[in-house]
Amino acid sequence: MKTELLITGISQLATAEGASAKHGRSMSELKVVQDAALAISGGSIDWVGARSDWTGEAVATLDLGGAAVLPGLIDPHTHAVWAGDRLADFEARVAGATYEQILLAGGGIRSTVRATAAASIEELVALARPRVEALLRSGATTIEVKSGYGFAISAEIAMLDSIATLAAESQARIIATLLIHLPPVESGERSRYVEQVCAELIPEVARRGLASAVDVFVEREAWHVAEAEQMFVCAKNHGLAVKLHSDQFHSIGGVELGVRMGALSVDHLEAAGAAQIEAIAASATVATILPGVSLHLGIPAAPGRRLIDVGAAVAVGTDLNPGSSPLYSSAGALGLAVRMNGLRAQEAIVAGTVNAACALGLSDRGRLEAGCVADFVVLQTKDWRELVYVMGANPVREVWVGGRRVGG
Ligand code: NIG
Ligand code: FE
């Protein structure tokens, strides 16, 4: 059988190997093939190796002229659908107010909820489209998008319907997550809301296939462990995976809950201490770090280096959202993880590819190996390390999804 397309002129092909999440030291095992070739048929990879080892036949060939190729990036954590803006918050924060103070005063996430709940599905899709395109151009071929700015059950469903519309039209592969973001302001209403989430929202999301996972923001000013646990038990009973926003400002037991519940990932971790780091490292849960948040909010960087040193599987995402991380580049997030979280370049690539795929429960991507989807990026330059080095310009020349060039 002839392969459909043989791509040559690959100065370096850099990829992790094997579908499982890479923990600790194995995060630095990035395979780099010099003068490589990539064979593709039917949207999947047939063969990868040194050009000189290729013995097959191809219907067509394409010479990239000497550029580095990496797996398409996986952005495992975004809030790309929102309405309104948070420019007033940004001004207030620059003048000294904290993110938590603004939230407690009814602004922050709550102001985005007001704007988002008031927007139509068409408006939400139109607002999100260029954000997803920016992430795609920066190298992300799979992009997770969360709901969470709806609050009312019908508004959360509308957000997920917007994400489904985006998924149908986008050239990127979109993965939807149901985020249960903030509780009602009145404390007496919290348990009623949790019951509604469990009796109405999660069952409808599962029945209509609107999301593959349920995420809960566990924090002093958000959901507490017992409430999150109730929603996770319901999610699992409906066949949905679970994940958390946890230990962003305070460590209140979210990591321990996530590990206990077999969460796909615990995300943020800026406030995680030694016990939390050890707990994640001893588990199969991926630690997803979000350096854009630390940069934008001026909070401590998540302990990426320590997590890897004690054996955790770390992933990196943009957390693209208007309040804590207006970061429109998945490649940029990896560069920040090197500079702010102490990841080596090899580790950052693994974090943004195979480990990020595992944070979404996906095993067919995030690496360039036979049988995987043919999602990859071609850099502007010959050296794969440029992906995490360049700041403020796009290191990505071409983006390919399912064996077709889609952007860049
Ligand atoms: O990942 N911390 C909670 N949620 C989001 C921020 C959302 C927002 O500020 O609008 C986060 O940081
Ligand atoms: Fe987030």
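Up top is the structure.
Residues numbered from 1 in each chain as written. Chains lettered and ligands numbered in written order. Predicted model: local features only at pLDDT ≥ 70, side-chain atom pairs only at ≥ 80, totals over all residues. Heavy atoms only, no water.

Asker: So, the sheet that holds strand β11 (residues 286-289): which residues are in play, and what are the values?
Answerer: Neighbouring strands of a sheet are bound in pairs by backbone hydrogen bonds; such pairs are parallel or else antiparallel. Judged by pairing direction, the sheet is parallel, and its eight strands sit side by side in the order β5-β6-β7-β8-β9-β10-β11-β12 without closing on themselves. Looking at the sheet topology across the chains shown, the edges are occupied by β5 (73-75) and β12 (314-316). Ignoring strand direction, the axes of neighbouring strands in this sheet form an average angle of 25 degrees. As defined by bridge partners, strand β8 (residues 213-218) adjoins strand β9 (residues 241-246) across six bridges and the pair is classed as parallel. Bridge assignment links Val216 to a residue of β9, and that residue is Leu244. Relative to the sheet, helix α5 (residues 153-169) contacts β6 (140-146) and β7 (173-180), its axis offset from that of β7 by approximately 170 degrees. (Pairing = 2+ DSSP bridges. Helix = DSSP H or I, 4+ residues; strand = E, 2+ residues; numbered from the N terminus. Axes fitted to C-alpha atoms, helices over the stretch in contact; angles between N-to-C directions. Contact = heavy atoms within 4.5 Å.)

Asker: Describe the coordination of the iron ion (ligand 2), with residues and values.
Answerer: Each pair of donors in an ideal four-coordinate tetrahedral metal site encloses 109.5 degrees, whereas pairs in an ideal six-coordinate octahedral site enclose 90 or 180 degrees. Taken together, the protein ligands of the iron ion (ligand 2) are His77 (NE2), His79 (NE2), His245 (NE2) and Asp319 (OD), with distances of 2.1 to 2.4 Å. We note that the donor set of the iron ion (ligand 2) lies within a single chain, spaced as H-x1-H-x165-H-x73-D. Separated by 240 residues along the polypeptide, His79 in the loop between β5 and α1 (87-94) and Asp319 in the loop between β12 and α12 (330-340) bring together distant segments of the chain. Comparing His79 with Asp319 shows no difference in burial state: the two are buried. (Donors = N, O, S within 2.8 Å, 3.2 Å for Na, K, Ca; no water. Buried < 20%, exposed > 50% of the residue type's maximum accessible area, 1.4 Å probe, protein only.)

Asker: Run through the layout of surface pockets, naming residues and quoting values.
Answerer: As a volume, the largest pocket reaches approximately 260 Å³. Together, 18 residues line the largest pocket, and Ser329, Gly332, Val390, Gly392 and Ala393 are the ones closest to its centre. For the lining of the largest pocket, the secondary structure elements donating two or more residues are α4 (121-137) and α12. For the lining of the largest pocket, the leading source of residues is α12, giving five residues. Its residues placed into classes, the lining of the largest pocket shows 10 nonpolar, six polar and two charged. (1 Å grid on protein atoms, 1.4 Å probe; cavity = no way out; pocket = protein on both sides within 12 Å on 5 of 7 lines; lining within 4 Å. Points joined across faces, edges and corners; volume = space filled by probe spheres on them. Nonpolar A, V, L, I, M, F, W, Y, C, P; charged D, E, K, R; others polar.)

Asker: A description of the side chain of Ser147 should follow, citing residues and the corresponding values.
Answerer: With respect to the element layout, Ser147 can be found in the loop between β6 and α5. Within polar-contact distance, the side chain of Ser147 engages the side chain of Glu156 at 2.7 Å. In terms of polar contacts, Ser147 uses its side chain to reach the backbone amide nitrogen of Leu179, at 3.1 Å. (Polar contact = N/O pair within 3.5 Å; in protein donor to acceptor, adjacent residues only side chain to side chain.)

Asker: I'd love a proper account of the packing of α5 against helix α6 (residues 190-208), names of residues and values included.
Answerer: Their axes nearest at 11 Å, the elements α5 and α6 cross at an angle of 20 degrees. It follows from the interaxial angle that α5 and α6 lie roughly parallel. The two elements α5 and α6 meet at a crossing, and its hand is right-handed. Where α5 approaches α6, its residues Ile153, Glu156, Ile157, Leu160 and Asp161 are matched on the opposing element by Gln196, Val197, Glu200, Leu201, Glu204, Val205 and Arg208. Its residues assigned to classes, the contact of α5 with α6 comprises six nonpolar, one polar and five charged. (Parallel < 35°, antiparallel > 145°, perpendicular 65-115°, else oblique. Left-handed = near helix turned anticlockwise from the far one by under 90°.)

Asker: Residue-level account of α4, with values.
Answerer: Taking 1.5 Å as the rise per residue, α4 with 17 residues should run 24 Å; its terminal C-alpha atoms sit 24 Å apart, in good agreement. Largest kink in α4: about 30 degrees, centred on Ala128, with the proline Pro130 one to four residues after it. Burial in α4 covers these residues: Leu124, Val125, Ala128, Arg131, Val132, Ala134, Leu135 and Leu136. (Expected span 1.5 Å × (residues − 1). Bend = angle between axes of the 7 residues up to and from the residue.)

Asker: Residue-level account of the site of ligand 1, with values.
Answerer: Taken together, 15 residues lie around ligand 1, and Tyr99, Tyr149, Gln248, Asp319 and Ser324 are the ones closest in. One nitrogen or oxygen atom from the side chain of Gln248 is found 2.6 Å from a nitrogen atom belonging to ligand 1. At 2.9 Å from an oxygen atom of ligand 1 is found a side-chain nitrogen or oxygen belonging to His268. Taking 330 Å² as the accessible area of ligand 1 by itself, protein coverage stands at 100%. Taking a 2 Å distance to the grid points as the criterion, the majority of the atoms of ligand 1 fall inside the largest cavity. (Near = heavy atom within 4 Å. Areas by Shrake-Rupley, 256 points an atom, 1.4 Å probe, with all protein chains shown as cover. Sits in = over half its atoms within 2 Å of the grid points.)

Asker: Summarise empty space enclosed by the protein; cite the residues concerned and give the values.
Answerer: Summed over the entire model, instances satisfying the criterion amount to three cavities of 30 Å³ or more. Computed from the structure, the largest cavity encloses a volume of approximately 80 Å³. Every residue lining the largest cavity is listed: His79, Tyr99, Ile109, Tyr149, His181, Phe217, His245, Gln248, His268, Asp319, Asn321 and Ser324. Along the lines of polarity and charge, the residues of the lining of the largest cavity split into four nonpolar, seven polar and one charged. Ile109, Val113, Gly148, Phe151, Glu156, Leu179, His181, Leu182 and Tyr193 are the residues that line the second largest cavity.

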